[in-house]
Number of protein chains: 2
Amino acid sequence: MGYTITEKIIKNHLAVGEMVRGEEIAIKIDQTLTQDSTGTMAYLQFEAMEVPRVKTNRSVAYIDHNMLQTGPENMDDHIYIQTVAKKHGIYYSKPGNGICHQVNIERFGVPGQTLLGSDSHTPTGGGVGMLAIGAGGLDVAVAMAGGPYYITMPEIVKVELKGKLNPGVASKDIILEVLKRCTVKGGINRVFEYVGEGVKSLTVPERATITNMGAELGATTSVFPSDDITMQFLKSQGREKDFVELKADPDAKYDLEIVVDLNELQAMAACPHSPDNVKFISELEGTKVNQVAIGSCTNSSYLDLMKAANILEGKTVSENVSLVIAPGSKQVLNMLAENGALAKLIDSGARILECGCGPCIGMGQSPNTKGVSLRTFNRNFKGRSGTVDADVYIVSPETAAVSAITGVITDPVKNIPVGALDIEIPELFKVNDNMIVEPAEDNNDVQVVKGPNIKPFPKTSVLEDKIDKKVLIIVEDNITTDHIMPSNAKLLPYRSNIPYLSDYCLTPCDSEFPERAKENSGGIIVAGHNYGQGSSREHAALAPLYLGIKAVVAKSFARIHKNNLINNGILPLVFVDESDYDKISLMDEMVMENVLDSVGKKEMTIVDKTKDIQIKTKVDITDRQIDIIKKGGLINYMKEIN
Amino acid sequence: MGYTITEKIIKNHLAVGEMVRGEEIAIKIDQTLTQDSTGTMAYLQFEAMEVPRVKTNRSVAYIDHNMLQTGPENMDDHIYIQTVAKKHGIYYSKPGNGICHQVNIERFGVPGQTLLGSDSHTPTGGGVGMLAIGAGGLDVAVAMAGGPYYITMPEIVKVELKGKLNPGVASKDIILEVLKRCTVKGGINRVFEYVGEGVKSLTVPERATITNMGAELGATTSVFPSDDITMQFLKSQGREKDFVELKADPDAKYDLEIVVDLNELQAMAACPHSPDNVKFISELEGTKVNQVAIGSCTNSSYLDLMKAANILEGKTVSENVSLVIAPGSKQVLNMLAENGALAKLIDSGARILECGCGPCIGMGQSPNTKGVSLRTFNRNFKGRSGTVDADVYIVSPETAAVSAITGVITDPVKNIPVGALDIEIPELFKVNDNMIVEPAEDNNDVQVVKGPNIKPFPKTSVLEDKIDKKVLIIVEDNITTDHIMPSNAKLLPYRSNIPYLSDYCLTPCDSEFPERAKENSGGIIVAGHNYGQGSSREHAALAPLYLGIKAVVAKSFARIHKNNLINNGILPLVFVDESDYDKISLMDEMVMENVLDSVGKKEMTIVDKTKDIQIKTKVDITDRQIDIIKKGGLINYMKEIN
């Protein structure tokens, strides 16, 4: 029987379980990456595991999120990450060297290898044929410590690309088409594999745009074959030795198939406020634009910015538009500065931002009130730009550049200057890794520097056999990680300071929750369906942990957040009878006896002493997770097995 | 009798008074500039004067302060300034076009003209022989409305520059030498005029570094002659028609004379935490550096950055240093992008920031906790960087660049690569003003857009004849404008929102002051000596005005803040007997009768009804100011005389 690319890579890395769809498996991780907003916590957790040196082939710590530095917190974090990386065998990419995914694919991506990153857009690496998966910081810490990564064996979706894109239509439009068809929920527990004739016409950065934004499908990851074009890309980076060919067997079996005819695609936009709210640009033409932003891990490659430079050459940005451009990496910026393209962009009136995530994560360049912003990014959730009532459209660099000139949403197909897209990709890219600091050979000399903003993460202890705590909050259905642990430009600098962050925990639902939790020395959260949906943010478990939360009793949990609760020793309990939810009141006293035994049996009876009723719950977790939660979380578990 | 340059310009612009040292005079203003953190308020005030079009030769509104945009407030302000400018005959420099002083000298500076700017570093324009003065936003609004600017006729200091700088010693070191000798108080009510052989060896940007940082002397302004070098500079900007020769008469009389022998100067640094705490670099060599920042209105010209690029060419920034570079203008950035210098900087590992003030005003790039930061900026006050315990050193671009490579403070004289300072200044600079929006010919069509963060500034009413209010706060000596109206990265976006800002008014002294003022419908402030020292920040008068403050009774006032109080209709009263200060308690009821008559007589008796005592005070203001305060402030006054 033939294998898909995904299966081939998983087979080569399988550590636990069997490749049966829907079953839990664990895979060995070759490479890890972190960015700084999740990284500080990941390294604090890695330190707690007491492993002297990472056990991966390569681990890289990037600084790309918190680069505005409006107080000492950011640079303190940078220095902590730099020193902890140096000590423990991790490469450190200095602020200014670029966005983790862009730099990683340029300098470190290896076809056929596995990459685990503490950022949801880690699948970018699929552009060079890696199996690249986004995960929580603690998962990455475990991988660095040599532990395998547990996932559900995914279904595999074949996306067959036929034909070739017309000029002005971009690879961004391919992924927008897939999003339009599959929606933001269409990728859950699935890997998207791109195959077919159309693949051959796409460069690695174009492929990476697609795998990057596969994250918006909710997919486990996306992957392209490794072929001549991959070889050419690696060669241009001086890394031809990293090449291995990788393709699906002719008789490989897929769970689902999609066909996209590239010839028929048009320029598109994801309209406010979801990446799957996709319309043709032709339907939107003429909409007045206040801001255009080019960059992010989705569209900040040399090719992307060369397109923008050629379109903008000799033109002037509309007087009513602020055009901001954030190149993806130092390599890209340096090459544009050498070949004159950057000068063209500046000449046209573009604002050049640092190489980093910046506006894509709401770190600066928030649009005006009710403003319209066209962005080559990946997400346009309401408020993500920092302006709650702004309308953000997700488009290709081509669409962004032509619209910046006209000041209204403009179709690139009809408006790109002749020859502007005839871009020759250099045979050799400029390689100068002098912003990547190598780890120390001997780690004894390295002192890890922790500024005052870097607080120890909250410690867990072994699961107690009796829990007697009050209900501190009762929340409704679909509570997101943004409710549990808000994230914005003001709070992001405190990602390494759980005591500070915890004062904002669940405050969008109840401003007095943190205070109440402290007064009662912790307690229990009661929730509706789909508790913890949204990002993989581990802080949504760490802040409750710090506040002494022992259990969350919910109608159902979002998958990643449930794992984060378990990893941090907090019990996720599911109502057997959902109507019990309505019987519980704020500050009810809840008692659980024989907790250890009950967890082992995967069922727990809670006595609501205030109401004098019994509430039956399920402990819907794997045997491995039972072990983890009994030991008080994944770090304790890792320390024991190491 | 011969005239100095200063006298020649004043004579040509004298509107009120006579050129007698120490007397009040008023001068006609040819040009104005605003930056955005003071600009929004200045334009709101200008609008209130109901003048349809500015009466200056040229007025320019720059965006250079609030460019991080971590929420909608900044871009809302930009759009307000853009539209109000367009309507009223003001040129608008878009964000990204550069720092006001750098752009103004490049594109608009005219020798012999007067320039009033709502930024303390407006004297930069003295580099091309302008009489360029920093003032409050309301002063600038008045100038735009055609009103003259009132100053005390200054003393004039002759600074004779002898000889020529040695390689590695910079014009920055000249002004550091002057600061070392004269201190930060040495320039009060004085203009510094640079003359002598040494002037001829200094380019316009080098002169501008000196006049810019003359602000740190507390000087009214500083000025250079307009000579062949000025002509050459204007020609390179395509503006030779703006040239006029300007020099002091041979028999001109100066009040003071200083001689600086350039041959004998060494590289220097202003050490923490004052610009006059100047030491030789040789005394500081080897100090470990965490951050190096090149840019700001002091040192971000083409010449400055070419020096840095040549020094850094082929080198790598120390692994422990974060080097950030913010070019002064689009012109500078564009030229560096065209000639390859920017590529050299990027290649070395520099982070390229937007063209703007940025880290110089604490808007980003705050150093780490207790970090050492070397900056080519102008001010190193404690905490200004955004990191309260950081040590900031003010140095030349040469010193900054060589130290960025070594990672320790390093003397440029001994360490600059051969030939690195042989920089040819292009005969023609790149002129593309496409980020400067021209005002509308017909202002009827222009709609001024005010986002929700732009609140009307508090209105004043005519002075009432009886005041009966409580003492809301009693503060000690030397209260600064930072106490009265704190300014930081979190509050700066609210400079156009006095209601929001007023909740922070005087909170560093008493967190309950704003609340107390609101509960009592306003009241009176009692203060010690030198109340309101520090910046020219008008918000330190506007926030109290919004809170209903009717009078400040102090032992003495700082000059600019006293003017700001008067301009906003708040009475500045000075204790006749300072011991009365100790007799007053918080919440005492203070009554002033016959206020109008008393102000006219410049004396006011306050009855402390709680203590049943009389307190005598002086109203130490000019007759013109009596008129202003009776009418309820300068805007009402302007409306009447227009």
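Residues numbered from 1 in each chain as written. Chains lettered and ligands numbered in written order. Predicted model: local features only at pLDDT ≥ 70, side-chain atom pairs only at ≥ 80, totals over all residues. Heavy atoms only, no water.

This part takes up the overall build of chain A. Across its full length, chain A holds 22 helices and 27 strands. The C-alpha atoms of chain A give 24 Å as radius of gyration, which agrees with the globular expectation for 642 residues (26 Å, within 12%). Counting only C-alpha atoms, chain A reaches 75 × 50 × 50 Å along its principal axes. Here the analysis covers contacts within chain A between residues at least 6 apart in sequence; of these, 76% occur between residues at least 24 apart. Working note: accessible area of chain A is about 21700 Å², and carbon and sulfur atoms make up 47% of it. Taken together, the 66 basic and 82 acidic charged side chains of chain A have centroids lying 1 Å from each other. (Helix = DSSP H or I, 4+ residues; strand = E, 2+ residues; numbered from the N terminus. Rg over C-alpha atoms; globule rule 2.2 N^0.38 Å. Contact = heavy atoms within 4.5 Å. Areas by Shrake-Rupley, 256 points an atom, 1.4 Å probe, with all protein chains shown as cover. Lys, Arg positive; Asp, Glu negative; His and termini not counted. Charge placed at Lys NZ, Arg CZ, Asp CG, Glu CD.)

This part is about the interface of chain B and chain A. With 54 residues of chain B at the contact, the number on the chain A side is 55 residues. In total, chain B and chain A occlude about 4300 Å² of area from one another, counting both sides; carbon and sulfur atoms represent 51% of this. When the area that chain B buries against chain A is broken down by residue, the three leading residues are B:Met75, B:Glu319 and B:Arg351, summing to 14%. The partner of A:Glu354 in a salt bridge is B:Arg351, and the shortest N-O contact between them spans 2.8 Å. Between the two partners, chain B and chain A, sit 38 residue pairs in polar contact (both at pLDDT 80 or more). Elements that contribute at least two residues to the side of chain B that touches chain A include exactly α3 (72-88), α11 (330-339), α12 (341-348) and β17 (351-352) of chain B. Considering each element in turn, the side of chain B that touches chain A owes the most residues, six residues, to α3(B). (Buried area = accessible area lost by both parts, 1.4 Å probe. Salt bridge = Lys/Arg side-chain N within 4 Å of Asp/Glu carboxyl O. Polar contact = N/O pair within 3.5 Å; in protein donor to acceptor, adjacent residues only side chain to side chain.)

Size of an interface, as often reported, equals the accessible area lost when the parts are brought together. Its domain assignment divides chain A into domain 1 (5-264), domain 2 (268-414) and domain 3 (467-634). The centre of domain 2 of chain A, based on its C-alpha atoms, is set 40 Å off from the matching centre of domain 3 of chain A. (Domains from an automatic or database assignment.)

A few words on the side chain of B:Thr298. All names here are of chain B. Topologically, Thr-298 is positioned in the loop between β15 (291-294) and α10 (302-312). There is a polar contact of 2.9 Å between the side chain of Thr-298 and the side chain of Asn-212. When sequence neighbours within four positions are dropped, the list of residues in contact with Thr-298 reads Lys-172, Thr-209, Asn-212, Met-213, Asp-304, Thr-376, Phe-377 and Asn-378.

Glancing now at the nonpolar core. Grouped together as the largest cluster of nonpolar side chains are 107 residues, with contacts concentrated most on A:Leu506, A:Tyr531 and A:Leu571. Considering each element in turn, this core owes the most residues, six residues, to helix α5 (residues 137-144) of chain A. Aside from chain neighbours lying at most four places away, what touches A:Leu571 is A:Leu463, A:Ile467, A:Lys550, A:Ala551, A:Val552, A:Val595, A:Val599, A:Met604 and A:Ile629. Membership of the second largest hydrophobic core comes to 106 residues, among which are B:Phe513, B:Val553, B:Ile635 and B:Tyr637. (Core = buried A, V, L, I, M, F, W, Y, C linked by side-chain atoms within 4.5 Å. Buried < 20%, exposed > 50% of the residue type's maximum accessible area, 1.4 Å probe, protein only.)

Mapping chain B onto chain A leaves a residual RMSD of 0.1 Å; the transformation is a rotation of 180 degrees accompanied by 0.0 Å of translation along its axis. Read as a symmetry element, the transformation amounts to a two-fold axis. Among all C-alpha atoms of chain B, that of B:Ala337 lies closest to the rotation axis, at 2.7 Å. Both copies present the same face, since 100% of the interface residues in chain B are matched by interface residues at the equivalent positions in chain A. (Least-squares fit on C-alpha atoms with pLDDT ≥ 70 in both.)

Taken as a whole and judged by the stated rule, the model has 14 aromatic pairs over all chains. Centroid distance A:Tyr91 to A:Phe108: 6.2 Å. Interplanar angle 50 degrees. Geometry classified as tilted. Taken together, the residues span a long stretch of sequence, with A:Tyr91 in strand β5 (residues 91-93) and A:Phe108 in the loop between α4 (100-107) and β6 (114-117) at a distance of 17 residues. Using a relative accessible area of 21% as the deciding quantity, one classes A:Tyr91 as partly exposed. Where B:Tyr531 meets B:Phe557, the ring centres are 6.2 Å apart and the plane angle is 85 degrees; that geometry is what we call edge-to-face. Residue B:Tyr531 is found in the loop between β22 (523-527) and α18 (539-546), and its partner B:Phe557 is found in the loop between β23 (549-554) and α19 (559-567); the two are separated by 26 residues along the sequence. In textbook terms, an aromatic cluster arises when at least three aromatic residues are bridged by ring pairs, as seen for A:Tyr494, A:Tyr500 and A:Tyr504. Just above the ring of A:Tyr91 sits the side chain of A:Arg58; from NZ or CZ to the centre is 4.7 Å. (Phe/Tyr/Trp six-rings, centres within 6.5 Å; stacked < 30°, edge-to-face > 60°. Lys NZ or Arg CZ within 6 Å of the ring centre and 35° of its normal.)

Next up on the list: the pairing of strand β26 (residues 603-608) of chain A. Every other side chain in a regular strand lies on the same face of the sheet, so the side chains alternate between the two faces. Residue and element names in this part refer to chain A. Residues Met-604, Ile-606 and Asp-608 of β26 are buried on one face, while the alternating residues Glu-603, Thr-605 and Val-607, pointing to the opposite face, are not. Across two bridges, strand β25 (residues 589-592) lies against β26 in antiparallel orientation. If you follow Met-590 over to β26, its bridge partner there is Asp-608. Pairing of β26 with strand β27 (residues 613-618) involves six bridges; the strand directions are antiparallel. (Pairing = 2+ DSSP bridges.)

To continue, consider the sheet that holds strand β4 (residues 58-62) of chain A. All names here are of chain A. The strand order β7-β6-β3-β4-β5-β20 describes an open sheet built from six strands, whose pairing is mixed. Each end of this open sheet is capped by a strand with a single partner; those strands are β7 (131-134) and β20 (436-437). Note that strand β3 (residues 31-34) and β4 share four bridges and pair parallel. By the bridge assignment, Thr-32 is partnered in β4 with Ser-59. Together, β3, β4 and β6 form the strand contacts of α5, whose direction differs from that of β3 by roughly 140 degrees. (Axes fitted to C-alpha atoms, helices over the stretch in contact; angles between N-to-C directions.)

Now for a negative patch on the surface. A cluster of acidic residues, A:Glu438, A:Glu441, A:Asp442 and A:Asp445, forms a negative patch on the protein surface. Looking at the element boundaries, A:Glu441 is found in the loop between β20 and β21 (467-474). (Patch = residues over 30% accessible without salt bridge, like charges linked within 9 Å, V, L, I, M, F, W, Y side chains within 5 Å.)

A separate point is helix α10 (residues 302-312) of chain A. Residues and elements named next belong to chain A. Counted residue by residue, α10 has eleven buried out of eleven residues, so it is predominantly covered. The inward-facing, buried residues of α10 abut α7 (204-213), β15 (291-294), β16 (322-325), α11 (330-339), α12 (341-348) and α13 (397-406). Looking one or two residues beyond α10, the residue adopting positive phi is Gly-314, at roughly 75 degrees.

All names here are of chain B. Where helix α6 (residues 171-182) contacts helix α7 (residues 204-213), the axes come no closer than 8 Å and their chain directions differ by 25 degrees. Overall, the two elements α6 and α7 adopt an arrangement that is roughly parallel. In this structure, α6 crosses over α7, and the sense of that crossing is right-handed. Contacts from Ser-171, Lys-172, Ile-174, Ile-175, Leu-176 and Leu-179 in α6 reach Glu-206, Thr-209, Ile-210 and Met-213 in α7. Of the residues assigned to the contact of α6 with α7, the class counts are six nonpolar, two polar and two charged. (Parallel < 35°, antiparallel > 145°, perpendicular 65-115°, else oblique. Left-handed = near helix turned anticlockwise from the far one by under 90°. Nonpolar A, V, L, I, M, F, W, Y, C, P; charged D, E, K, R; others polar.)

This part is about α13(A). For an α-helix the count is 3.6 residues per turn, leaving residues at separations of three or four pointing the same way. Residue and element names in this part refer to chain A. A large share of α13 lies buried, amounting to eight of its ten residues. Tucked inside the fold, the buried residues of α13 contact α9 (281-284), β15, α10, β16, β18 (372-375) and α14 (412-415). Backbone geometry just downstream of α13 places Gly-407 in the positive-phi region, at approximately 85 degrees.

This brings us to the environment of A:Ile549. Residue and element names in this part refer to chain A. One can find Ile-549 in strand β23 (residues 549-554). Look at Ile-549 and you get buried, because its relative accessible area is 2%. Along the backbone, Ile-549 and Tyr-500 are 49 residues apart, and their C-alpha atoms lie at a distance of 16 Å. Contacts of Ile-549, omitting those with residues within four sequence positions, involve Leu-472, Phe-513, Gly-522, Gly-523, Ile-524, Ile-525, Pro-544 and Ile-570.

Quick look at the pattern of salt bridges now. Residues and elements named next belong to chain A. Applying the stated rule across the entire model yields 66 salt bridges over all chains. When the shortest N-O distance is used, the salt bridge between Lys-562 and Asp-620 registers 4.0 Å. Note that Lys-562 is positioned in helix α19 (residues 559-567) and Asp-620 in the loop between β27 and α21 (623-630), a separation of 58 residues in sequence. Of the charged contacts in the structure, one is a salt bridge between Asp-580 and Lys-583, with a shortest N-O distance of 3.0 Å. Salt bridges here are not isolated pairs; linked through shared partners, they connect Glu-7, Arg-21 and Asp-255.

Let us now look at the sheet that holds β21(A). Within a sheet, adjacent strands bond to each other through the backbone by hydrogen bonds, running parallel or antiparallel. Residue and element names in this part refer to chain A. Pairing within the closed barrel is mixed, and its seven strands lie in the order β21-β22-β23-β24-β27-β26-β25. Averaged over all pairs of adjacent strands, the angle between strand axes in this sheet comes to 35 degrees, irrespective of strand direction. Strand direction decides the pairing type here: strand β24 (residues 571-575) and β27, joined by two bridges, are antiparallel. Looking across to β27, one finds that Val-574 is bridged to Lys-618.

Attention now goes to unusual backbone geometry. Here the residue pair A:Pro272 and A:His273 is connected by a cis peptide bond, since its omega of -5 degrees sits within 30 degrees of zero. Here the phi dihedral of A:Glu50 falls at roughly 60 degrees; this positive angle occurs in a residue that is not glycine. As for its position among the elements, A:Glu50 is in the loop between α2 (36-48) and β4. You will see that B:Asp612, though not glycine, has its phi angle at about 55 degrees, which is positive. Mapped onto the elements of the fold, B:Asp612 is located in the loop between β26 (603-608) and β27 (613-618).

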